[in-house]
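Residues per chain are reported as follows:
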Amino acid sequence: QVQVVESGGGLVQVGGSLRLSCAAPGRIFMGWFRQAPGKERECIAAFRWNGGGTYYAESVKGRFTISGDSAKNTVYLQMNSLKPEDTAVYYCAATINPIRAARYEYDYWGQGTQVTVSS
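Residues numbered from 1 in each chain as written. Predicted model: local features only at pLDDT ≥ 70, side-chain atom pairs only at ≥ 80, totals over all residues. Heavy atoms only, no water.

S.K.: Is there a simple way to explain the packing of aromatic side chains in this structure?
M.R.: The relative placement of two aromatic rings is captured by the distance of their centres and the angle of their planes. For the structure on display, the rule yields 4 aromatic pairs. Pairing Phe 33 with Tyr 106 gives two aromatic rings, centres 5.5 Å apart and planes at 85 degrees, and the pair type is edge-to-face. Linking Phe 33 in strand β4 (residues 29–35) with Tyr 106 in the loop between α1 (98–102) and β10 (108–109), this pair joins segments that are 73 residues apart in sequence. Residue Phe 33 is classed as buried on the basis of its relative accessible area of 7%. With a centroid separation of 4.9 Å and 90 degrees between ring planes, the pair formed by Phe 47 and Trp 49 is classed as edge-to-face. This pair shows no difference in class: Phe 47 is buried, exactly as Trp 49 is. Through a chain of ring-to-ring contacts, three or more aromatic side chains come together here, namely Phe 33, Tyr 106 and Trp 109. (Phe/Tyr/Trp six-rings, centres within 6.5 Å; stacked < 30°, edge-to-face > 60°. Helix = DSSP H or I, 4+ residues; strand = E, 2+ residues; numbered from the N terminus. Buried < 20%, exposed > 50% of the residue type's maximum accessible area, 1.4 Å probe, protein only.)

Have a look at this one:
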């Protein structure tokens, strides 16, 4: 069992920034999802260790950055230029299966953290 622990989130004004953190043991595949009220959960960013590349959804490309700190086994999601439509519960997810990771399918999930962008 892989434990995924999120931190960060909160209330921010339009145009502001927030950083989410996600700790998970081991060098595994990790991603960030979000779910807004009445909408399906969507994968917005994904990260692979050892220069394996990153993925961003079009809705966040150019504003959000996913990165990792190998010493801390932590992946970060830096969110800049936040918009009201970024308001959602954000989830960190992980998998050790590279095939599932390539499809942005994850096995282990954090508890979720609320991000609210006020106008």
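S.K.: Would you mind showing me how to read the state of the cysteines here?
M.R.: By definition, a disulfide links two cysteine residues through a covalent bond between their sulfur atoms. According to the stated counting rule, one finds 1 disulfide in the structure shown. What pairs with Cys 22 in a disulfide is Cys 92, and their sulfur atoms sit 1.8 Å apart. One disulfide, between Cys 22 and Cys 92, carries an S-S torsion of -80 degrees and so falls in the left-handed class. You can see Cys 22 sitting in strand β3 (residues 18–23) and its partner Cys 92 sitting in strand β9 (residues 88–95), a full 70 residues away along the chain. In terms of burial, Cys 22 and Cys 92 fall into one category: buried. With no disulfide of its own, Cys 43 lies 11 Å from the sulfur of Cys 92, the closest cysteine sulfur. On the basis of relative accessibility, which here comes to 14%, the residue Cys 43 falls in the buried class. (Disulfide = S-S within 2.5 Å.)

S.K.: What is the right way to read the pattern of salt bridges from this model?
M.R.: Two side chains that carry opposite charge are able to pair once their charged atoms sit near each other. Taken as a whole and judged by the stated rule, the model has 7 salt bridges. As a salt-bridge pair, Arg 34 and Asp 86 come within 2.9 Å of each other at their nearest N and O atoms. One end of the pair, Arg 34, is in strand β4; the other, Asp 86, is in the loop between β8 (74–79) and β9, and 52 residues separate them in sequence. Arg 100 is the salt-bridge partner of Glu 105, the closest N and O atoms lying 3.3 Å from each other. The class of Glu 105 is partly exposed, set by a relative accessible area of 28%. (Salt bridge = Lys/Arg side-chain N within 4 Å of Asp/Glu carboxyl O.)

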